[in-house]
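Geometric and topological summary
Read off the chains here:
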Amino acid sequence: MISADEWRLSDEKTEWLTYRFYWLPLQEASTSRGNIIEGLREYQNAVTRRPTLHPRSTSWCLPAVVEVRTSSGRQSDFQHTHHHSLMMPLLTPCFPLPFRKNAQPPFIFLINMPIPVGINGLGRIGKMVCLQMLAQPDVYSIKAINATSLNATEISDYLTYDSSHRYDRSVCKNVEIVNDSLVRINGNEIHLFKDRDARNLKWRSVGVQFVLECTGAYLTTEKGAMHDVDYVIMSAPPKDPDITPTFIYGVNHEEYRGQKIVSASSCTTNCMGPMMKLVSDAFGVESVNFTTIHATTGSQSVVDVINKKNRTHRSIINNMIPHSTGAAKSIFRVMPELSGKVWGTSVRVPCINCSLLDINITCEDKTANLEAVKDLLNKHELFGEVYHLNEKMLTSVDFMTTTTPTILDGIASMDFKPGSFKLMLWYDNEWSYSAQCLRIMKSMHQHNKHIERSVRGRVSPKISPNNSIVNLASLNGVARELNPAKILNLDSKLALKSLKLGGKNVVARFDFNVPVDNGKVMDDFRVRASLPSINHILEQKPNRVVLVCHFGRPKGKDKKNSVEFLVPILAGLLKREVKFLGDGVSQKTVDALAAAKDTNGAIYLLENIRFHAEETKFDPESDVSKMYQSLGDAMIADCFGCVHRNHMSVCHLKGAGKQHGYGFLIEQEVEAISTLLRSDGKKVLGIMGGAKIADKQPMIECLCKMPSTRIFVGGGLTRGFDKFMPSTPHSVILARDAYGA
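**As for the packing of aromatic side chains**
For the structure on display, the rule yields seven aromatic pairs. Where Phe247 meets Tyr256, the ring centres are 5.6 Å apart and the plane angle is 80°; that geometry is what we call edge-to-face. Each member of the pair, Phe247 as well as Tyr256, carries the same accessibility label: buried. Residues Phe510 and Phe512 carry aromatic rings whose centres are separated by 5.5 Å and whose planes lie at 5° to one another, so their mutual orientation is stacked. Lying across the ring of Tyr158, Lys127 places its NZ or CZ 4.6 Å from the centre. One cation-aromatic arrangement involves Arg169 over Tyr167; the distance from NZ or CZ to the ring centre is 3.9 Å.

Here's what the structure looks like:
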């Protein structure tokens, strides 16, 4: 059979990534094709490359890669520039290959792992996303579907026939019923669930990573968290918009920062959003009003009914029905700069599908006109995917089963006065919206993979990721099982697990100073690592918890250094509402907390503590310092990288008569240092992080004096190393290539 190795590669931009390689010995090649396919049945794509001689062995190999979660087998520091464009849809070994005598030439395949998806609800949107994913097996792998009213014997006909859409029926042609809860479609196994309670759905047990929530029943973060899965995407606007973040592909998808539970908004907002972004970025927007001429939906009635609160109780067959729309409010969630500038309404019309958005825009730039918008549209990088332009005399049925959500009708649109115009936008409110949901999911998946690579790229190739910061699965257990007796200079009475915090107002200082690049959180490890301490505090049933952290090194209040972006991340990880205290340490915050009278463990995040000069210039008698003291009656620190500093949020731990202590992270860090000091000549691996070598020079000089010590200095610490340490000690290896070769 095949074995797996991990190698470290770099592309032309020197971005370090870790990949898994699959090896097939030559003598097995002629008989193992079936075994390979069976062994790799979870993977859809493969590619072979020209054989290359491994520079440090006598074996021939085909350099190619596959993304991984765990490591196994040998590891090497062989470097190769990878080219993802060389994918092929077949798993085919190349024969014959030149190889050296008695050598075992490996076959290596490039595998692209499709996104493992579950669908909750197989109504209109659930069906549309299912069909589109079946047509893209190299990108998506449907693992499970929860549909309470659909039997295994009915799924083939349900997917094959549709009154609205024209699509390739072959994607659901080969349906094999294995049993009542399992079918195979084109060879892909799909588990069938039948349960209305999300808590009973075992998504993880069948390999699901993303759930598309298409029932409309789980539209809050709290309810979405009932799904036993990594990520949930709602196919509707959230009912808790201040907590659940909204992302629209082509508008704000690049602002995604790893949130676990998100909304893809509505079909109308997915049509309007991209166009508003295009116009707003180019010309600025003064005001917008719109009317959605919307096709009928399943929430309407075929004949007149009673006991309805709006006009949609009237028959959909022969009526045009004025109706409300949430698109105006939803657009503010993804483009807050338009707040107070957009108004809209809706009219339901007796069409089975496809809608038209009539939108009137007045721009700040009075040179803006329809032709300028058309020109921007045609040149946009998302033209053909998100945007399209129609210059033909088409009607709504002609846009059925289109995937672009924003189709400008150049004929129906018109100019008004300078800087003002009407745009008519077509959109398939079922098919194109479903395509947008999938694009958001793919974008989230790619972002998260990039984060995993970034973290993995910082792990030594000689260390298994199972023993690195990549794997946090055992963090809760490890943190609570540490033996305080083994920890140096820590008072076990102050350990978090020794404190009684029930009914207290807790102030907890953490280090959430996560790396952010162009508005994206590149690695949320510091937030995740704090979860054991936060959850332990919450288990004690305090009245409230105020989370305190810093971000960057701001000079006073600086919006770009606000920590508000952490609210949805924390809410998603904790599966609880997190409220933001945007006024920081202030009398307004003190009054707001007092007025809240929390008794049920409410969670707050305080604005960046370093917005206050008093944080870094600690004066216990200052007004800010006294207000900080009044935020709680129990003070916890779990920020090992900050506790050595003479800062207000650290030094106020021992407040006047207040309970105080340290969290699990500090406990772990001190235990790690204790291990080093107790090593008794044994080999110890230590990893030193940071960006400035000046801060680390004293520690490096100290470590160099320890016998039999080897220090690998990598990452940002290599920059300027020669300036601070012109004569590199013999025990220091500068790993500028990440390996120290």
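**Let's talk about a negative patch on the surface**
Taken together, the side chains of Glu254, Glu255, Glu337 and Glu381 define an acidic patch exposed on the protein surface. Structurally, Glu381 can be placed in the loop between α8 (370-379) and β18 (387-390).

**Let's talk about a positive patch on the surface**
Together, Arg553, Lys555, Lys617 and Arg645 make up a region of like positive charge exposed at the surface. Tracing the backbone shows Lys617 in the loop between α15 (613-616) and α16 (623-629).

**Here's the deal with the pairing of strand β14 (residues 285-295)**
When β14 meets strand β17 (residues 355-363), the two strands line up antiparallel, connected through eight bridges. Residue pairing for β17: Val285 is matched across the bridge by Cys363. The pairing of β14 with strand β16 (residues 342-349) spans eight bridges and is parallel. In the strand pairing of β16, Asn289 is matched with Trp343.

**Some words on the sheet that holds strand β7 (residues 140-146)**
Paired through their backbone hydrogen bonds, the strands of a sheet run either parallel or antiparallel. The mixed open sheet is built from eight strands, whose spatial order is β8-β9-β10-β7-β6-β11-β12-β13. At either margin of the open sheet sits one strand with a lone partner, and together these are β8 (175-179) and β13 (261-263). In this sheet, adjacent strand axes meet at a mean angle of 25° when their direction is disregarded. In terms of strand pairing, strand β11 (residues 210-213) meets strand β12 (residues 231-234) through four bridges, oriented parallel. In the sheet register, Val211 faces β12, and the bridge partner there is Val232.

**Section: the sheet that holds strand β22 (residues 505-510)**
Ordered in space as β26-β27-β25-β22-β28-β29, the six strands form an open sheet in which the pairing is parallel. Lying at the two open borders of the sheet, with one neighbouring strand each, are β26 (578-581) and β29 (659-662). In this sheet, neighbouring strand axes are inclined to one another by 20° on average, regardless of whether the strands run parallel or antiparallel.

**Things to note about the packing of helix α6 (residues 267-283) against helix α7 (residues 327-334)**
In contact at an axis separation of 9 Å, α6 and α7 are set at 55° when each is read in the N-to-C sense. Relative to α7, the element α6 is oriented oblique. Crossing of α6 over α7 shows right-handed handedness. Taken together, the residues of α7 that come into contact with α6 (itself represented by Thr268, Thr269, Met272 and Gly273) are Ala327, Ser330 and Ile331.

**Here we look at the side chain of His323**
Mapped onto the secondary structure, His323 falls in strand β15 (residues 321-323). What His323 contacts, discounting residues up to four positions off in sequence, is Asn310, Thr312, Thr345, Ser346, Val347 and Arg348.

**What about α6?**
The end-to-end C-alpha distance of α6, which contains 17 residues, comes to 25 Å, matching closely the 24 Å that a straight helix rising 1.5 Å per residue would cover. Taken from the residues just after α6, Gly284 is the one with a positive phi, measuring 75°.

**Thoughts on a nonpolar patch on the surface**
Residues Val302, Val303 and Ile317 make up a contiguous nonpolar surface patch of about 290 Å² in total accessible area. Take Val302: it is sitting in the loop between β14 and β15.

Rules of the game
- Residues numbered from 1 in each chain as written.
- Predicted model: local features only at pLDDT ≥ 70, side-chain atom pairs only at ≥ 80, totals over all residues.
- Heavy atoms only, no water.
- Phe/Tyr/Trp six-rings, centres within 6.5 Å; stacked < 30°, edge-to-face > 60°.
- Buried < 20%, exposed > 50% of the residue type's maximum accessible area, 1.4 Å probe, protein only.
- Lys NZ or Arg CZ within 6 Å of the ring centre and 35° of its normal.
- Patch = residues over 30% accessible without salt bridge, like charges linked within 9 Å, V, L, I, M, F, W, Y side chains within 5 Å.
- Areas by Shrake-Rupley, 256 points an atom, 1.4 Å probe, with all protein chains shown as cover.
- Salt bridge = Lys/Arg side-chain N within 4 Å of Asp/Glu carboxyl O.
- Lys, Arg positive; Asp, Glu negative; His and termini not counted.
- Charge placed at Lys NZ, Arg CZ, Asp CG, Glu CD.
- Helix = DSSP H or I, 4+ residues; strand = E, 2+ residues; numbered from the N terminus.
- Pairing = 2+ DSSP bridges.
- Axes fitted to C-alpha atoms, helices over the stretch in contact; angles between N-to-C directions.
- Parallel < 35°, antiparallel > 145°, perpendicular 65-115°, else oblique.
- Left-handed = near helix turned anticlockwise from the far one by under 90°.
- Contact = heavy atoms within 4.5 Å.
- Expected span 1.5 Å × (residues − 1).

Everything listed is a geometric property; what it means functionally is a separate question.
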